[in-house]
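# Summary of the model geometry
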Protein chains: 2
Amino acid sequence: MTEIAQIHTLSANLDENYKKIRKCVKDAQKKSVKMLIFPAFSLTGYPIADELKSHEFVIQCWDYIERLLKYTENLTVVLDIPFFWKKKLVHRLLWLENRKIKAFSDNSCGWNDVGLNFERYFKTSEQFQSPKIFNFGLAFASELEKKLEKSCEFEKWIVLDAWSFDYKTINSRIQYFCNLAKHHRVEIFLANAVGGQVSLILSGGSMHISSEGKILKQYSYFSESFLSSKIAKIPKSDIEWIYEALICGIRDYFYDRGLKRAVLGLSGGIDSAVVLPLVVEALGRKNVLGILLPSQYSSEHSIEDAVKSADNLGIDYHIIPIEQAFQTMYQTLLPIFGKRPFNLAEENLQARIRGMILMGISNKFGHVLLNTSNKSEAAVGYGTLYGDLCGGLAILGDLYKFQVYELANFINRKREIIPQNSINKAPSAELRPNQKDSDSLPEYDVLDAVLQLHLDRNLSEHEIVEKGFAPKIVKKILNLVRNSSYKRRQTAPQLRVSNSAFNIDRINVF
Amino acid sequence: MTEIAQIHTLSANLDENYKKIRKCVKDAQKKSVKMLIFPAFSLTGYPIADELKSHEFVIQCWDYIERLLKYTENLTVVLDIPFFWKKKLVHRLLWLENRKIKAFSDNSCGWNDVGLNFERYFKTSEQFQSPKIFNFGLAFASELEKKLEKSCEFEKWIVLDAWSFDYKTINSRIQYFCNLAKHHRVEIFLANAVGGQVSLILSGGSMHISSEGKILKQYSYFSESFLSSKIAKIPKSDIEWIYEALICGIRDYFYDRGLKRAVLGLSGGIDSAVVLPLVVEALGRKNVLGILLPSQYSSEHSIEDAVKSADNLGIDYHIIPIEQAFQTMYQTLLPIFGKRPFNLAEENLQARIRGMILMGISNKFGHVLLNTSNKSEAAVGYGTLYGDLCGGLAILGDLYKFQVYELANFINRKREIIPQNSINKAPSAELRPNQKDSDSLPEYDVLDAVLQLHLDRNLSEHEIVEKGFAPKIVKKILNLVRNSSYKRRQTAPQLRVSNSAFNIDRINVF
């Protein structure tokens, strides 16, 4: 019997990761498993970066393998480590069995995941010693296709991966491996890591695929899975994929750090109203604190809607008016501002007072402040640096505004959790009388359409205009994107769910 | 006559970069230059990232080359572009002459600079068509050594680079190229880009090296140079290199964005006292505004020292006490804080009020807020997120505390510019009565020594203890480094001067 131990690991925490691996090995032996496969980077944790520059760290990895070898009596264990070979660091896949390394294979073509420049650390290497007697080929996911094209001498392939989820690629990825299996008539055991790693959300969803390209066994998405007989649930729509990924991302961000409680500002607007049920689902309602921060520009319905969203979920909340603080800050700055008219400076003051209050509560009680801004806002810089852009983790930072609405409707599919009024009303920052987002930005449907063409498909201004959008509006949007990169550099890391996430897929040039 | 046009370019601004290239070509023709060499990425600007994903951007580069060709009568022009070859994007070096492309060479081994994961964009390629009749080899700096080892059929080499300065590597880099020239008995024309690009500071310092390894012509460091007869000044010490680099980085950050004026908080401490003369040197004293933000915990000497540092340089300053604002914020939070004792939450409130005031002034007047925190603080998270970590650019963000002192002494080498008291007194954040940095941190000499071993040499806790440091202190420091990465993700980009800069050389794992 061959099993995949689809585990969630801690980046660079060898001790904890080893304990988890060790426990899986022990359990596997009890259940008479013959072969146990771990996802890529199970020992080092993933993602991993500067630790790979430490000589001692690499040596320690080897020490753990030597310890693990003792427990491989009558059991094959497959996992990977960073390894020095001829003084170069290579990424090595190991086949442990009966206290010996029976086979190994070095990554021959680099690592195929977002953002991580592994060429800094690893040299590619063609070194391998392959267990032909077992009919098993060994590969990392990124090199599988090449290896299959080169030789089909193996009937079965063990494939290790640590793939960062994005909803755009997930379905074609599943299809890709099934097609490879079918085309080359090989059986594939694909072991994929799982769990939230700040921005990156590793999907899990390991698979055993037959040589006809059928999925024989499907491991769960977004949760650990090992020796489980539960039938894995597969999300049915883009928005369901996103929903499950976000819950996983929030849950692991807190859990991995030993954190429990979150605080967030509730404005009555759609963004915070959508973040709230996600966080409650991930952490439990007792671990979430809502703060309402009304100013003189807040409308009646804002407070009502915010209270309702808190009450719908049964969480604690406080109301802290910011008017007095704003007046004092205004007076403090009066000697230098003089009689200059009220403008962005005063608007930002309000957002920053809110940020300061939320961070104060975070500091005093140890709650993590969650950021509620979205990708459309981040793209055009519609947000106040050190104000509403504060927070430890941006839950919706990789969702366009239209996706925030889709998520709202998904969450409300059975009953009203998010107040319908938060969904229906026109978005507003409420930093001056009767302000609407559309005063400064194009309507969100146009904005989102243009942003998608630019960010997801890399189309230029000229090419987007050719699709039928007003040249003036396109120019304005693309200028905003360019000129607001300084804000994106300094905002909270976002949960990545797409393949065009800021600071990861799309690079800020320092 | 062969000339290098050591120019400073704007990232992704083809129009402006082309104009500059065009002007150099015109001037070269007037002066009867026979060959004109541009540094790497002169047309696209450097660094460059997501634009390389745009098909149209790459096509436009070619259009500019076609326009440029018209001006190559009796003149050889060498420069590089991104180029589609067999549907793959390659990084191509071009030899233009008499309206034709006479030779070209594709980058065969990747790009050798910090942080930029060019494997995302460019495929390596062995394609070249080489002008043997001229005895010139063509190469990017990263592939020169390999090419020289393969064949020495060329007597002269044209080498293009865009190298990001760091003070640790600069001298060995100069030596490296001289040694290559000597060893292979070839003449080298090394064209290197110049100028500040937010964090990265391209060094310039292009060279013409003889086949004996002697520098025949040295172009200037940290400033543009073309057809100049000025003798290039070469800094004499690490701290002089750093000083010149920082001035360049500040100057270009403002100049490239059409910005003029800077604002910064003056605390009377060493960090802001060192930033001030750097900014005054880069922007002129009329373009710098100092803000003093005393609280009830500020000591007399803090205000005196801050005023003196402003007066020494003749800049404008304002004093804005924050006590009233702190009292109001304290009262605002009282209903939720209750009778809990004064702690970090209240300390951070003060830092955030200061950040808010400075950002308010920045927003109202359009001045850029400069950040004054240093690398030692950033490493251990000694700073308030959204407070003293605010700003558009962190001037000292890549300097350890001891280097800040070295810089202070360098600046004061002729007369007292930085008040001696700011240099002499013990560092303090002054957020509670009689606070000293050493209350929460090890003494800076120990802290800096441990940080250097860890960050610059990648030594582990165990290895650092073996060097003779107290195990408890080492553990504490390394834990602080690990646990404060969430702050470094959100702080202002720093001017990079070392090869262990946060967020560039050292990676935040998302």
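Since we're looking at a predicted model, the values are computed, not measured.

A few words on the relation of the copies chain A and chain B. When chain A is fitted to chain B, the best match, at an RMSD of 0.0 Å, comes from turning it 180 degrees and sliding it 0.0 Å along the axis. Interpreted geometrically, this transformation is the action of a two-fold axis. By C-alpha distance to the rotation axis, the residue of chain A lying nearest is A:Q490, at 2.1 Å. Interface overlap between copies is the fraction of interface residues in one copy that are interface residues in the other; for chain A against chain B it reaches 100%, indicating a shared surface.

Attention now goes to the interface of chain A and chain B. Contacts between the two partners involve 67 residues from chain A, matched on the other side by 67 residues from chain B. If you look at where chain A meets chain B, you find 4 salt bridges. With a closest N to O distance of 2.8 Å, B:K364 and A:E346 form a salt bridge. Connecting chain A to chain B are 21 residue pairs in polar contact (both at pLDDT 80 or more). Mapped by element, the contributors of at least two residues to the side of chain A that touches chain B are α8 (323-337), α9 (344-365) and α15 (461-466) of chain A. For the side of chain A that touches chain B, the leading source of residues is α9(A), giving 14 residues. A class-by-class count of the residues in the side of chain A that touches chain B yields 34 nonpolar, 20 polar and 13 charged.

Relative orientation of the contacting elements α9(A) and helix α9 (residues 344-365) of chain B amounts to 165 degrees, with a least axis distance of 10 Å. It follows from the interaxial angle that α9(A) and α9(B) lie roughly antiparallel. In the packing of α9(A) onto α9(B), the handedness of the crossing is right-handed. Listed contacts from α9(B) to A:A345, A:E346, A:N348, A:L349, A:R352, A:I353, A:M356, A:M359, A:G360, A:N363 and A:K364 of α9(A) are B:A345, B:E346, B:N348, B:L349, B:R352, B:I353, B:M356, B:M359, B:G360, B:N363 and B:K364.

A few words now on the sheet that holds strand β9 (residues 187-192) of chain A. All names here are of chain A. Taken in spatial order, the 5 strands make up an open sheet running β7-β8-β9-β12-β13, and their pairing is mixed. Edge strands, defined here as strands with exactly one partner in the open sheet, are β7 (136-140) and β13 (215-218). Each adjacent strand pair in this sheet contributes to an overall mean axis angle of 15 degrees, direction not counted. Its contacts with the sheet put helix α3 (residues 141-150) on β7, β8 (156-161) and β9, and the angle it makes with β7 is roughly 130 degrees. Across the sheet, helix α4 (residues 170-184) touches β8, β9, β12 (207-209) and β13, and the angle it forms with β9 is around 150 degrees.

Residue and element names in this part refer to chain A. Relative to each other, helix α1 (residues 14-30) and helix α2 (residues 55-69) sit at 20 degrees, their axes nearing to 11 Å. Considering the angle they form, α1 stands roughly parallel to α2. For the element pair α1 and α2, the recorded crossing hand is right-handed. Every residue of α2 that contacts α1 at L14, D15, Y18, I21, R22 and V25 is listed here: F57, Q60, C61, Y64, R67 and L68. Tallied by class, the residues present in the contact of α1 with α2 amount to 8 nonpolar, 1 polar and 3 charged.

Bringing the packing of aromatic side chains into the picture now. A full pass over the atoms with the stated rule returns 39 aromatic pairs over all chains. With a centroid separation of 5.8 Å and 70 degrees between ring planes, the pair formed by A:Y253 and A:F254 is classed as edge-to-face. Residues B:Y297 and B:F342 carry aromatic rings whose centres are separated by 6.1 Å and whose planes lie at 75 degrees to one another, so their mutual orientation is edge-to-face. Separated by 45 residues along the polypeptide, B:Y297 in the loop between β15 (288-292) and α7 (300-313) and B:F342 in the loop between α8 (323-337) and α9 bring together distant segments of the chain. Among the aromatic side chains, those forming a connected cluster through ring pairs are A:W163, A:F165, A:Y221, A:F222 and A:W241. Here the basic side chain of B:R413 rests over the ring of B:F410, its NZ or CZ set 4.0 Å away from the ring centre.

What follows covers the pairing of strand β16 (residues 316-319) of chain A. Every other side chain in a regular strand lies on the same face of the sheet, so the side chains alternate between the two faces. Here 4 bridges tie strand β15 (residues 288-292) of chain A to β16(A), and the two strands are oriented parallel to one another. Bridge assignment links A:I291 to a residue of β16(A), and that residue is A:H318.

Residue and element names in this part refer to chain B. Ordered in space as β1-β2-β3-β4-β5-β6, the 6 strands form an open sheet in which the pairing is mixed. Either end of the sheet is taken by a strand with one partner, and the two such strands are β1 (2-4) and β6 (128-129). Of the strand pairs in this sheet, strand β4 (residues 88-97) and strand β5 (residues 100-106) are connected by 6 bridges, and their pairing is antiparallel. Bridge assignment links L94 to a residue of β5, and that residue is F104.

Below, the discussion takes up the pattern of salt bridges. Taken as a whole, this structure holds 53 salt bridges over all chains when the rule is applied. Residue B:D27 is joined to B:K23 by a salt bridge in which the shortest nitrogen-to-oxygen separation is 2.8 Å. With a gap of 4 residues between them, B:D27 and B:K23 both fall in helix α1 (residues 14-30), about one helical turn apart. Residues joined in a network through salt bridges with shared partners are A:D50, A:K53 and B:R506.

As for its position among the elements, B:N348 is in helix α9. We classify B:N348 as buried; its relative accessible area is 8%. Residues contacting B:N348, with those up to four places away along its chain left out, are A:N363 and B:T384.

Residues and elements named next belong to chain B. With 15 residues, helix α4 (residues 170-184) should cover 21 Å at 1.5 Å per step; its first-to-last C-alpha distance of 22 Å lies within 8% of that length. Burial in α4 covers these residues: I170, R173, I174, F177, C178, L180, A181 and H184. All buried residues of α4 fall inside an arc of 155 degrees around its axis, so they share one side. The exposed set on the far side of α4, more than 90 degrees from its buried face, consists of K182 and H183. Just past α4, the residue R185 takes up positive phi, approximately 55 degrees.

Below, the discussion takes up the environment of B:A394. Residues and elements named next belong to chain B. Relative to the helices and strands, A394 is located in strand β18 (residues 393-394). In the structure, A394 is positioned 22 residues away from T372 in sequence and 5.9 Å away in space, judged by C-alpha atoms. Leaving out residues up to four positions away in the same chain, A394 has contacts with N371, A492, P493, Q494 and L495.

Bringing the pairing of strand β4 (residues 88-97) of chain A into the picture now. Residues and elements named next belong to chain A. Of all 10 residues that make up β4, 9 are buried, and the element is covered over most of its length. As judged from the 10 bridges shared by strand β3 (residues 76-85) and β4, these two strands associate in the antiparallel manner. Looking across to β4, one finds that D80 is bridged to L93. The turn linking β3 back onto β4 is made up of 2 residues, and K86 within it adopts a positive phi angle of 50 degrees.

About the cut-offs
- Residues numbered from 1 in each chain as written.
- Chains lettered and ligands numbered in written order.
- Predicted model: local features only at pLDDT ≥ 70, side-chain atom pairs only at ≥ 80, totals over all residues.
- Heavy atoms only, no water.
- Least-squares fit on C-alpha atoms with pLDDT ≥ 70 in both.
- Contact = heavy atoms within 4.5 Å.
- Salt bridge = Lys/Arg side-chain N within 4 Å of Asp/Glu carboxyl O.
- Polar contact = N/O pair within 3.5 Å; in protein donor to acceptor, adjacent residues only side chain to side chain.
- Helix = DSSP H or I, 4+ residues; strand = E, 2+ residues; numbered from the N terminus.
- Nonpolar A, V, L, I, M, F, W, Y, C, P; charged D, E, K, R; others polar.
- Axes fitted to C-alpha atoms, helices over the stretch in contact; angles between N-to-C directions.
- Parallel < 35°, antiparallel > 145°, perpendicular 65-115°, else oblique.
- Left-handed = near helix turned anticlockwise from the far one by under 90°.
- Pairing = 2+ DSSP bridges.
- Phe/Tyr/Trp six-rings, centres within 6.5 Å; stacked < 30°, edge-to-face > 60°.
- Lys NZ or Arg CZ within 6 Å of the ring centre and 35° of its normal.
- Buried < 20%, exposed > 50% of the residue type's maximum accessible area, 1.4 Å probe, protein only.
- Expected span 1.5 Å × (residues − 1).
- Arc of directions from axis to C-beta.

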